[in-house]
Amino acid sequence: VQLQASGGGLAQPGGSLRLSCAASGRIRGFAGMAWFRQAPGQDRKFVAAASWSGLSTYYGDSLRSRFTISKDVAKNTIYLQMDNLEPEDTAVYYCAVNLGAGPSWYRSDSDYIYWGQGTLVTVSS
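What you see is a predicted model; the values in this text were computed from it and never measured. (Residues numbered from 1 in each chain as written. Predicted model: local features only at pLDDT ≥ 70, side-chain atom pairs only at ≥ 80, totals over all residues. Heavy atoms only, no water.)

Here's the deal with the nonpolar core
Under the convention used in this document: Throughout, nonpolar core names a set of buried Ala, Val, Leu, Ile, Met, Phe, Trp, Tyr and Cys residues whose side chains join them through atoms within 4.5 Å. Relative accessibility under 20% of the residue-type maximum defines a buried residue, over 50% an exposed one, and the middle range a partly exposed one, all with a 1.4 Å probe and only protein chains included. Labels follow the DSSP assignment, with helices taken as runs of H or I lasting at least four residues and strands as runs of E lasting at least two, numbered in each case from the N terminus. Note on contacts: a residue pair qualifies if any of its non-hydrogen atoms lie within 4.5 Å across the two residues.
Of all hydrophobic cores here, the largest spans 29 residues; its most connected members are M33, W35, V47, F67, L80, M82 and Y93. Elements with a contribution of two residues or more to this core: β1 (2-6), β3 (17-24), β4 (32-38), β5 (45-51), β7 (67-72), β8 (77-82), β9 (91-98) and β11 (119-123). Residues contacting V47, with those up to four places away along its chain left out, are W35, F36, R37, Y58, Y59, G60, L63, F67, L80 and Y93.

Following this line, the structure appears as structure tokens:
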């Protein structure tokens, strides 16, 4: 399985960016896909997840009001629409595929088996 993330770049505070992550290869039996981010000097943190059907979505603390995750089932691609960006959103954003199960699959770090290469988001004036 390969994950190709794109869409990062430079945005001004209050601006928007849209990230994409396309999955390819032997795609079967996955619980869902998710976005994580890692700011300089900080641990990687959960941002948002979508079930493989795209019908259920989950968000990290305080991000739901500004970020929206969606999934194109036909394209095996997830998107992260980020609005009203803040300098604190500056980070490398990674997408990942989860092979877990159950209603809390997105909470299980160990079930994120495949990872994309990361895309840098910089929010600065």
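Following the structure, the description resumes.
Focus: the state of the cysteines
Keep this limit in mind: When the sulfur atoms of two cysteines come within 2.5 Å, that pair is taken as a disulfide.
Per the stated rule, a full pass over the model turns up one disulfide. Put simply, C21 and C95 are joined by a disulfide, and their sulfur atoms are 2.0 Å apart. Linking C21 and C95, the disulfide has an S-S dihedral of approximately 65° and is accordingly described as right-handed. Residue C21 is located in strand β3, and its partner C95 is located in strand β9; the two are separated by 74 residues in the primary sequence. Judged by its relative accessible area of 0%, C95 falls in the buried class.

Regarding the layout of surface pockets
Definition in use: Grid points spaced at 1 Å and placed over the protein atoms alone form the basis of the search, with a cavity being a set where a 1.4 Å probe fits but cannot get out and a pocket an open set showing protein on both sides within 12 Å along at least five of seven lines. Lining residues have an atom within 4 Å of a point. Grid points are joined across faces, edges and corners, and a volume is the space filled by probe spheres set on the points. Note on residue categories: nonpolar means Ala, Val, Leu, Ile, Met, Phe, Trp, Tyr, Cys or Pro, charged means Asp, Glu, Lys or Arg, and polar means any other residue, Gly included.
Put simply, the largest pocket is a space of about 390 Å³. Lining the largest pocket are 20 residues, and of these R37, K45, F46, D61 and L63 lie nearest its centre. Elements with a minimum of two residues in the lining of the largest pocket: β5 and β6 (57-59). Of the residues that constitute the lining of the largest pocket, the class distribution is seven nonpolar, four polar and nine charged.

Structural notes on the environment of Y59
Going by this rule: Under the rule applied, a polar contact is a pair of N or O atoms within 3.5 Å (in protein, one hydrogen donor and one hydrogen acceptor; residues adjacent in sequence only if both atoms are side-chain atoms).
With respect to the helices, strands and loops of the structure, Y59 is situated in strand β6. Relative accessible area serves as the criterion here: at 17%, Y59 is assigned to the buried category. C-alpha of Y59 to C-alpha of A49: the two residues are ten residues apart in sequence and 6.5 Å apart in space. Sequence-distant contacts of Y59, that is, excluding residues within four places in its chain, are made with F46, V47, A48, R64, F67, T68 and I69. From its side chain, Y59 meets the backbone nitrogen of I69 in a polar contact 2.9 Å long.

None of the figures reported here should be taken as evidence of function without further support.
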